[in-house]
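Residue strings, one per chain:
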Amino acid sequence: MKKKIGFIGLGNMGMPMAKNLIEAGYHLQVYNRTTSKTEELDATSITICRTPAEAADGVKILISMLSEDEVLKEAVTGEEGILKTFPAGAVHISMSTIAPDTAEELCKLHKISDNTYVASPVFGRPDAAAARKLFICISGDPDAKEIAKPILEFLGQRIVDFGEKVSGANVVKVAGNFMIITSMEMMAEAYTLAEKNGLDRAQVADFFGTTLFNVPIFQNYGKLIATKQFEPVGFKTKLGFKDTRLTLKIAQASLTPMPTAMLVHNRLQSAVAKGWGESDWVEGVSRGVSEDAGV
Ligand code: NAD
């Protein structure tokens, strides 16, 4: 018989991850707010659940990939939440990008219920998720991490352990997204500067991406920004905005001055205010920089 896993959240990231787990031979007890999304999954490999509590019922492992803190908290602690049914000894692998204090709070609540919460946020867009190329950061209880790792190996190319404090991986994730978004702002400004001075943005991006800035973020995001390719939507601007809020929240709590974080926060705040929240964050940044420059 196939091994059962609870799975919550079939968004841009959760969907390809769920497909990979099914391909790896797991049976998913799956919950998504919009049930029709489950139609994309092999019907013989899933049990469709009406609530997070149903998805968590009787499983040893549950994965969640929800949008943000409040949504995850409701899925865990709500009237029909995970903790209503999650068995003793079970492990919740929480893969959303959320605040470290949310991770600590949910970890405590799981402990009270005799089960475990592990933080496993990821780097990589939906195409990387589909190709099992995610970089996965993990932190929390050592035994639970050992249970989680073999499953995470079906989802990512590398799993890096950031220790026993459950929120450690969340801090790494937020710090990483801060570096990505500031790199995006920098590239958008540089390529717009080139454009306004009569140069081909794509050629300039290709030059830097293959020489001085020969790394994935400058190659992949560099190309999207230079060519103003905003489709398909892989990561929504409103979620990027959420991540800049998380950066500022952690920075304030730990007395860490981050002037650049404020700048990119304003960039995405402005993008959401203009109605681009559902657009890819490449558009949120790149279009904003172009408009400021009148191009
Ligand atoms: P998404 O918006 O595509 O999907 C969000 C999921 O949350 C969906 O399943 C949706 O049904 C659910 N959801 C949202 N609001 C809800 C509510 N009020 N009640 C119940 N369910 C609700 O987001 P995504 O791009 O899949 O991202 C998921 C998480 O992964 C986020 O925390 C994001 O920051 C992080 N992340 C995304 C990417 C990316 O490239 N998309 C990469 C790394 C990490």
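Residues numbered from 1 in each chain as written. Predicted model: local features only at pLDDT ≥ 70, side-chain atom pairs only at ≥ 80, totals over all residues. Heavy atoms only, no water.

A. Up close: the sheet that holds strand β6 (residues 116-119). As summarised here, the arrangement of the six strands in space is β3-β2-β1-β4-β5-β6, forming an open sheet in which the pairing is parallel. Of all the strands in the sheet, the pair left with one neighbour each is β3 (46-48) and β6. The sheet shows a mean angle of 20 degrees between the axes of neighbouring strands, direction not considered. Two strands pair when backbone bridges link them, and strand β2 (residues 27-31) and β3 are joined in this way by three bridges, in the parallel orientation. (Pairing = 2+ DSSP bridges. Helix = DSSP H or I, 4+ residues; strand = E, 2+ residues; numbered from the N terminus. Axes fitted to C-alpha atoms, helices over the stretch in contact; angles between N-to-C directions.)

B. View of the pairing of strand β9 (residues 156-161). Pairing of strand β8 (residues 134-138) with β9, which is carried by five bridges, proceeds in the parallel orientation. Considered in β9, the bridge of L134 is made with G156. Chirality of the crossover, the property in question, places the unit of β8, helix α6 (residues 142-152) and β9 among those that are right-handed. (Right-handed = clockwise from strand over helix to strand, strands pointing away.)

C. Spotlight on unusual backbone geometry. A cis amide bond, omega -10 degrees, links E231 with the succeeding residue P232. By the element assignment, P232 lies in the loop between α9 (216-226) and α10 (237-253). One non-glycine residue, D114, lies in the positive phi region at around 75 degrees. Relative to the elements of secondary structure, D114 occurs in the loop between α4 (100-112) and β6. Even without glycine at this site, L255 takes up a positive phi of about 50 degrees. If you trace the backbone, L255 turns up in the loop between α10 and α11 (259-273).

D. Spotlight on the pairing of strand β5 (residues 91-94). Both faces of β5 are covered, namely the face carrying V91 and I93 and the face carrying H92 and S94. With four bridges connecting them, strand β4 (residues 61-64) and β5 associate as parallel partners. Directly across from I61, in β5, lies its bridge partner V91. In this region the chain leaves β4, passes through helix α3 (residues 69-77) and returns to the parallel neighbour β5; the handedness of that crossover is right-handed. Pairing of β5 with β6, which is carried by four bridges, proceeds in the parallel orientation. Of the residues in β6, the one forming a bridge with H92 is Y117. Between β5 and its parallel partner β6, the chain crosses via α4, and the hand of that crossover is right-handed. (Buried < 20%, exposed > 50% of the residue type's maximum accessible area, 1.4 Å probe, protein only.)

E. Region of the structure containing the nonpolar core. Membership of the largest hydrophobic core comes to 48 residues, with the highest contact counts inside it found for L62, Y117, M184, Y221, I225, W281 and V282. Each of two domains, domain 1 (4-165) and domain 2 (170-293), supplies a minimum of three residues to this core. Each residue touching Y117, except ones within four places of it in the same chain, is listed here: L72, H92, S94, I98, A103, L106, C107, H110 and V166. Counting residues in hydrophobic clusters, the runner-up holds 32 residues, among them V91, A128, I138 and A144. (Core = buried A, V, L, I, M, F, W, Y, C linked by side-chain atoms within 4.5 Å. Domains from an automatic or database assignment. Contact = heavy atoms within 4.5 Å.)

F. How the structure looks around the pattern of salt bridges. Throughout the structure, instances matching the rule amount to 20 salt bridges. Across the salt bridge formed by R125 and D280, the nearest N and O atoms sit 2.7 Å from each other. You can see R125 sitting in the loop between β7 (122-123) and α5 (126-130) and its partner D280 sitting in the loop between α11 and α12 (281-292), a full 155 residues away along the chain. Comparing R125 with D280, the two get one shared label, buried. K228 serves as the salt-bridge partner of E195, at 3.6 Å between the closest nitrogen and oxygen. (Salt bridge = Lys/Arg side-chain N within 4 Å of Asp/Glu carboxyl O.)

G. Up close: the environment of G163. Positionally, G163 belongs in the loop between β9 and α7 (168-196). C-alpha separation for the pair G163 and S139, spaced 24 residues apart in sequence, amounts to 5.2 Å.

H. Up close: the site of the ligand. In the vicinity of the ligand there are 23 residues, among which N32, S67, G234, K236 and K242 approach most closely. Take K242: an N or O atom from its side chain is 2.7 Å from an oxygen atom of the ligand. Out of a free accessible area of 840 Å², the ligand has 86% covered by protein chains. Counting the residues that make up the shell around the ligand, at least three belong to each of domain 1 (4-165) and domain 2 (170-293). (Near = heavy atom within 4 Å. Polar contact = N/O pair within 3.5 Å; in protein donor to acceptor, adjacent residues only side chain to side chain. Areas by Shrake-Rupley, 256 points an atom, 1.4 Å probe, with all protein chains shown as cover.)

I. Looking closely at the packing of α7 against helix α8 (residues 201-210). Where α7 meets α8, the axes come as close as 9 Å, and the angle between the chain directions of the two elements is 135 degrees. As judged from the angle between their axes, α7 and α8 are oblique. Read as a crossing pair, α7 and α8 show a hand that is right-handed. On α8, the residues touching Y191, T192, A194 and E195 of α7 are R201, V204, A205 and F208. In the contact of α7 with α8, the residues fall into five nonpolar, one polar and two charged. (Parallel < 35°, antiparallel > 145°, perpendicular 65-115°, else oblique. Left-handed = near helix turned anticlockwise from the far one by under 90°. Nonpolar A, V, L, I, M, F, W, Y, C, P; charged D, E, K, R; others polar.)

J. Quick look at the sheet that holds β7. The strand order across the open sheet built from three strands is β7-β8-β9, with neighbouring strands paired in mixed fashion. Looking at which strands have only one partner, the edges of the open sheet turn out to be β7 and β9. The sheet contact formed by β7 and β8 spans two bridges and is antiparallel. When the bridges of β8 are listed, V122 appears paired with I136.

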